[in-house]
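# A structural walkthrough
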Amino acid sequence: MTLADIADVPQAAWVVIAALLGLIFGSFVTALSYRLPRGEDFVNARSKCPACGTSLAARDLIPVVSWIFNRARCRVCASVVSVRYPLTEILMAVLFTSAVWHDTRLAELGLLLLSAVIMVTLAIIDLETRRLPMSLLAILALACALLRWFGSGDLAHGLIIGALIAGLGLVTATATRIWLGAPIIGAGDAYALGIAGLALPWAVFDVFLAMAGGLGLALGVGLRVVRGERMFPFAPVMFAALWFSLVFQEQLIGLVAEL
Ligand SMILES: [Zn+2]
């Protein structure tokens, strides 16, 4: 079943719907990434201003638009609302749009959109707390396993490779913590790498590794030179490379075959 079976509208219409849906899920991602590490209820709780605690009204919750009209401030206490919120909403709109562009089969599309929500939430939580919640990693692993199954079909292969990579990552984390005093990758990063191994066929996994490694190296060196930081969160870089590899999988396989 594809999007065309739901309604016979041009692809462009689906892209617009995906962008709007992405904006809405962008505010959901913001709420989830704020409430989950703090142990707050993220299903029933009303959104509040983190500075003054005032419950936000519907007109404060329109993605991007509210932020612009309120001039990046809370209407009650005038504290600054970070540009991160509208940027998250725009990022989700871009990811949702690229997913619809890539795949119109409903099962795969749904799993891709779920993966986008989880990956961006994980990336934000990692940037803030340097941790990756296991609950979200488990949901992402399940979505990626199903994507592998619907995609290339060789789920058993994916499960074995994914487990091996995660295991290797965990051993590296433990060994470097003992020998060097600090792990070169975190346990959460090891699981995330394993999830990439589960999601991507081997031919694409190479490209993913090169992308994540290259991007990570550039960012790591950049942050060290510019801000003197020695550690940087690897997970957001890895999820960016994973998303790109998932969505452009067929193009990447074609590209690698030509080399
Ligand atoms: Zn306020």
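With 99% of its residues at a pLDDT of at least 70, the chain reaches an overall mean of 90. Looking over the chain, one finds the lowest element-wise mean pLDDT in helix H1 (residues 3-6), namely 84, and the highest in helix H6 (residues 134-150), namely 96.

Here the focus is the side chain of Asp-189. Position of Asp-189 among the secondary structure elements: in helix H8 (residues 187-199). In this view, Asp-189 contacts Leu-132, Phe-234, Ala-235 and Met-238; residues no more than four positions away in its chain are not counted.

The subject of this paragraph is helix H4 (residues 84-102). Taking 1.5 Å of rise per residue, the 19 residues of H4 would be expected to cover 27 Å, and the 27 Å separating its terminal C-alpha atoms lies within 8% of that figure. Where H4 is concerned, the buried positions are Pro-86, Thr-88, Glu-89, Met-92, Ala-93, Leu-95, Phe-96, Thr-97, Ser-98, Ala-99 and Val-100. Residues of H4 that are buried make contact with H1, helix H2 (11-35), helix H3 (65-69), helix H5 (106-129) and helix H10 (234-247).

Right, let's get into the packing of aromatic side chains. Scanning all chains against the criterion turns up six aromatic pairs. On the numbers, 5.6 Å between centres and 40° between planes, the contact of Phe-25 with Phe-96 is tilted. Residue Phe-25 is located in helix H2, and its partner Phe-96 is located in helix H4; the two are separated by 71 residues in the primary sequence. Classification of Phe-25 by relative accessible area gives partly exposed; the value is 32%. By relative accessible area, Phe-96 is classed as buried at 1%. Seen in terms of ring centroids, Phe-205 and Phe-208 are 5.5 Å apart; in terms of plane orientation they differ by 35°. Their pairing is tilted. With a gap of three residues between them, Phe-205 and Phe-208 both fall in helix H9 (residues 202-227), about one helical turn apart. Judged by relative accessible area, Phe-208 falls into the buried class, the value being 0%. One aromatic cluster is present, formed by Phe-25, Phe-28 and Phe-96 through successive ring pairs. Against the face of Tyr-34 rests Arg-38, its NZ or CZ located 3.7 Å from the ring centre.

Taken together, the protein donors to the zinc ion comprise Cys-49 (SG), Cys-52 (SG), Cys-74 (SG) and Cys-77 (SG), at separations of 2.3 Å. Because the angles between the four donor atoms bound to the zinc ion fall within 106 to 115°, the donor set is best described as tetrahedral. All donors to the zinc ion come from one chain, and their sequence spacing reads C-x2-C-x21-C-x2-C.

Following the sequence through the fold, Arg-148 ends up in helix H6. Along the chain, Arg-148 and Pro-201 lie 53 residues apart, while their C-alpha atoms are 7.9 Å from each other. When sequence neighbours within four positions are dropped, the list of residues in contact with Arg-148 reads Gly-153, Asp-154, Leu-155, His-157, Gly-158, Gly-197, Leu-198, Ala-199, Leu-200 and Pro-201. From its side chain, Arg-148 meets the backbone oxygen of Gly-197 in a polar contact 3.4 Å long.

It is worth spelling out H2 at this point. Between its first and last C-alpha atoms H2 spans 35 Å; for 25 residues at 1.5 Å apiece the expected length is 36 Å, and the two agree. Those residues of H2 not exposed but buried are Trp-14, Val-15, Ala-18, Gly-22, Gly-26, Val-29, Thr-30, Ala-31, Leu-32, Ser-33 and Arg-35. Of the surrounding secondary structure, the elements contacted by the buried residues of H2 are H1, H4 and H5.

Quick notes on the rules
- Residues numbered from 1 in each chain as written.
- Predicted model: local features only at pLDDT ≥ 70, side-chain atom pairs only at ≥ 80, totals over all residues.
- Heavy atoms only, no water.
- pLDDT = per-residue confidence, 0-100.
- Helix = DSSP H or I, 4+ residues; strand = E, 2+ residues; numbered from the N terminus.
- Contact = heavy atoms within 4.5 Å.
- Expected span 1.5 Å × (residues − 1).
- Buried < 20%, exposed > 50% of the residue type's maximum accessible area, 1.4 Å probe, protein only.
- Phe/Tyr/Trp six-rings, centres within 6.5 Å; stacked < 30°, edge-to-face > 60°.
- Lys NZ or Arg CZ within 6 Å of the ring centre and 35° of its normal.
- Donors = N, O, S within 2.8 Å, 3.2 Å for Na, K, Ca; no water.
- Tetrahedral: all angles 85-135°; square planar, octahedral: opposite > 155°, others 65-115°.
- Polar contact = N/O pair within 3.5 Å; in protein donor to acceptor, adjacent residues only side chain to side chain.

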